[in-house]
Amino acid sequence: MNKTYDVIVTGARCAGSALAINLAKAGFHVLLVDRSTFPSDTLSTHTFFNNTVALLREMGVIDKLLETNVQPVRDIKFQFEDTVIEGPMPKVDGEENCYCIRRTHLDYILLEHAKAQKNVTVIEGFRVTDVIRDDETIIGVKGVDSYNKKQEFLARLVVGADGRSSNIRKLVKSERKISIPASVGIYFGYFSGFLHDNVPKFEVYKIKDNTAILFPTNDSLYVIVGIFPLDNKALIEGLKSNPESCLRKLLTNHFPNTTIGARLQNAELVEPIKGILGYDNYWYEGMGKGWALVGDAVCFKDPGMAQGIHDAIYGARILSNILSTYKGQSNPWKQMSEEYQKAIEAEFMVRFHMGCQLSKNEPVSEQQDAVNKLVSSHPLAIEKLLGIYNYANEPAALEEELARIMRSIS
């Protein structure tokens, strides 16, 4: 096997596989490694909107993804206390449908597509143990393969696409620029027999300090998510001892004036409840001498924004484009690092701060309630709100529409 590559990508899920595909098409020789073997599951919101569908179609994998018996979704429903904001996602690049595809399907299909690229070598079951340095520059990785054999590989660039607990990020000592802890826990389960709300849609309910998120996924299953404050110690203890019963009680007893409890009554849990208690919203330096980070390795925000898969895939495109621009040049690390940081911050930072705000889990204020009611009664305002999630527009467009409505009222 070849021991030297243009780029080594550690982590072969959606960020790493997308990056390998893009780089291979740009003429780079890529080694893509992951400590897991695939198909493999991981904690994830699974959800992506139609702007990400456009990216996956361009990449050449959307048809395979749609063979996984997944329900297309066009509508989103928000309920904040007693105010409902509901409507279709604005079209992006001709795409109407959004999806929630389980990571056992999404990551595997992307990885198989990466394997099909002639310039990509894939090693599953490879655990990176250290990076190789030449003075201050990273020039490769050391690791152990699935046969417990130690191996070393060299490259001009090592990319950490290895998630929230990125080993590469730790090894290269990337600087943490922002860290904002969340004040919530998240538990979820996969349920069969859970009825749609009229039509399949993404549903988000915020009642006092609890949030429920519901969305259809593969094989006629629903992902049922309960989000709650970390200071609810009794709930946390209950989730540890009897997670299904506790999640059902949370969603049945704490969401009045919704249909969640009635719909959940005859639904059956098909896999064990999963969850996480507390997490950080963070942002790290994205590139240095001989290394870069992409996806959750570089930044992570509240899962309620449902932006993780988009950020991974689009972030991979950003990094690939920058590397392609400087291909063949001699170690332009400073220029590339500055461009990469500027590009990902321009693309993701606004929604990162929105996610940080969600993580505070503050009750709906009187002022926000008035804004929600205003939005709910004006279709164009609803469209502008929903368009924030699929990048059809920026938050400023919603603010301008609300200002226009207020002027017309006065």
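Up top is the structure.
Residues numbered from 1 in each chain as written. Predicted model: local features only at pLDDT ≥ 70, side-chain atom pairs only at ≥ 80, totals over all residues. Heavy atoms only, no water.

A.B. asks: Sorry if this is basic, but what is going on with unusual backbone geometry here?
C.D. replies: Working note: non-glycine residues mostly have negative phi, and peptide bonds are mostly trans. The amide bond that connects phenylalanine 38 to the next residue, proline 39, takes the cis arrangement and shows omega of 5 degrees. Note on placement: proline 39 falls in the loop between β2 (30-34) and β3 (47-48). For asparagine 198, which is not glycine, the phi torsion reads 70 degrees and is therefore positive. Here asparagine 198 is to be found in the loop between β12 (184-192) and β13 (201-207). With a phi angle near 60 degrees, aspartate 219 is a residue other than glycine that sits in the positive phi range. With respect to the helices and strands, aspartate 219 occurs in the loop between β14 (210-216) and β15 (222-229). (Helix = DSSP H or I, 4+ residues; strand = E, 2+ residues; numbered from the N terminus.)

A.B. asks: Would you mind showing me how to read the nonpolar core here?
C.D. replies: The nonpolar side chains of soluble globular proteins are, as a tendency, buried together. Counting residues in hydrophobic clusters, the biggest one holds 117 residues, and the most contacted among them are Val159 and Leu319. With residues up to four places along the chain from it excluded, the contact list for leucine 319 reads Leu19, Val159, Met287, Ala292, Val294 and Tyr340. If you look at the next biggest cluster of nonpolar residues, it comprises 23 residues, including Ile207, Ala212, Leu235 and Ala267. (Core = buried A, V, L, I, M, F, W, Y, C linked by side-chain atoms within 4.5 Å. Buried < 20%, exposed > 50% of the residue type's maximum accessible area, 1.4 Å probe, protein only. Contact = heavy atoms within 4.5 Å.)

A.B. asks: Looking at this structure, how should I read the sheet that holds strand β21 (residues 299-300)?
C.D. replies: Taken together, three strands build an open sheet; the order of strands is β11-β18-β21 and the sheet is antiparallel. Looking along the sheet, the strands with just one partner apiece sit at the ends: β11 (176-181) and β21. Relative to β21, strand β18 (residues 280-284) is paired through two bridges, and the arrangement is antiparallel. Across the sheet, residue tyrosine 282 finds its bridge partner in β21, namely phenylalanine 300. (Pairing = 2+ DSSP bridges.)

A.B. asks: I keep staring at the pairing of strand β8 (residues 127-134) and nothing clicks. Help me out?
C.D. replies: Strand residues, when the strand is regular, have side chains that alternate between the two faces of the sheet. Two strands pair when backbone bridges link them, and β8 and strand β9 (residues 137-144) are joined in this way by seven bridges, in the antiparallel orientation. In the sheet register, arginine 133 faces β9, and the bridge partner there is isoleucine 138. Taken together, β8 and the strand that follows it, β9, pair antiparallel across an intervening segment of two residues, in which aspartate 135 is found at a positive phi of about 60 degrees.

A.B. asks: Hey, could you run me through the state of the cysteines in this one?
C.D. replies: Throughout this description, disulfide means a covalent bond between two cysteine sulfur atoms. Under the criterion given, the structure shown has zero disulfides. Unpaired in this structure, cysteine 299 has its nearest cysteine sulfur neighbour in cysteine 356, at a distance of 10 Å. Cysteine 299 sits in the buried class, given a relative accessible area of 7%. (Disulfide = S-S within 2.5 Å.)

A.B. asks: So what exactly am I meant to see when it comes to the packing of helix α1 (residues 14-25) against helix α4 (residues 103-115) here?
C.D. replies: A pair of packed helices is characterised by two quantities: the angle between their axes and the separation of those axes. One can describe the packing of α1 onto α4 by two numbers: an axis separation of 9 Å at closest approach and a directional angle of 20 degrees. Between α1 and α4, the angle falls in the class roughly parallel. Crossing of α1 over α4 shows left-handed handedness. Of the residues in α4, those in contact with Cys14, Ser17, Ala20 and Ile21 of α1 are Arg103, Leu106, Asp107, Leu110, Leu111, His113 and Ala114. (Axes fitted to C-alpha atoms, helices over the stretch in contact; angles between N-to-C directions. Parallel < 35°, antiparallel > 145°, perpendicular 65-115°, else oblique. Left-handed = near helix turned anticlockwise from the far one by under 90°.)

A.B. asks: Even after reading the chapter, I still don't get the pattern of salt bridges, so can you show me in this structure?
C.D. replies: Pairing of side chains with opposite charge becomes possible as their charged atoms draw close. Per the counting criterion, the structure on display carries 26 salt bridges. The shortest N-O distance in the salt bridge between glutamate 67 and lysine 64 comes to 3.9 Å. (Salt bridge = Lys/Arg side-chain N within 4 Å of Asp/Glu carboxyl O.)

A.B. asks: Mind showing me how you'd approach the packing of aromatic side chains here?
C.D. replies: Each aromatic ring pair is summarised here by two numbers: the centre-to-centre distance and the angle between the ring planes. What the rule picks out here adds up to 15 aromatic pairs. Centre to centre, the rings of phenylalanine 49 and tyrosine 389 are 6.3 Å apart; their planes meet at 75 degrees, and the pair counts as edge-to-face. Taken as a pair, phenylalanine 49 in the loop between β3 and α2 (50-59) and tyrosine 389 in helix α12 (residues 379-389) lie far apart in primary sequence, 340 residues in all. On the accessibility criterion, phenylalanine 49 (5% relative accessible area) is buried. Summarising the aromatic geometry, the rings of tyrosine 282 and tyrosine 284 are spaced 5.4 Å apart at their centres and angled 70 degrees between planes, so their arrangement reads as edge-to-face. With a relative accessible area of 6%, tyrosine 282 lands in the buried category. Using a relative accessible area of 13% as the deciding quantity, one classes tyrosine 284 as buried. An aromatic cluster of at least three residues, connected via ring pairs, comprises Phe49, Phe78, Phe80, Phe202, Phe215 and Tyr389. Over the ring of tyrosine 190 we find arginine 102; its NZ or CZ atom is 3.7 Å from the centre of that ring. Lying over the aromatic face of phenylalanine 300, arginine 164 brings its terminal NZ or CZ to 5.3 Å of the ring centre. (Phe/Tyr/Trp six-rings, centres within 6.5 Å; stacked < 30°, edge-to-face > 60°. Lys NZ or Arg CZ within 6 Å of the ring centre and 35° of its normal.)

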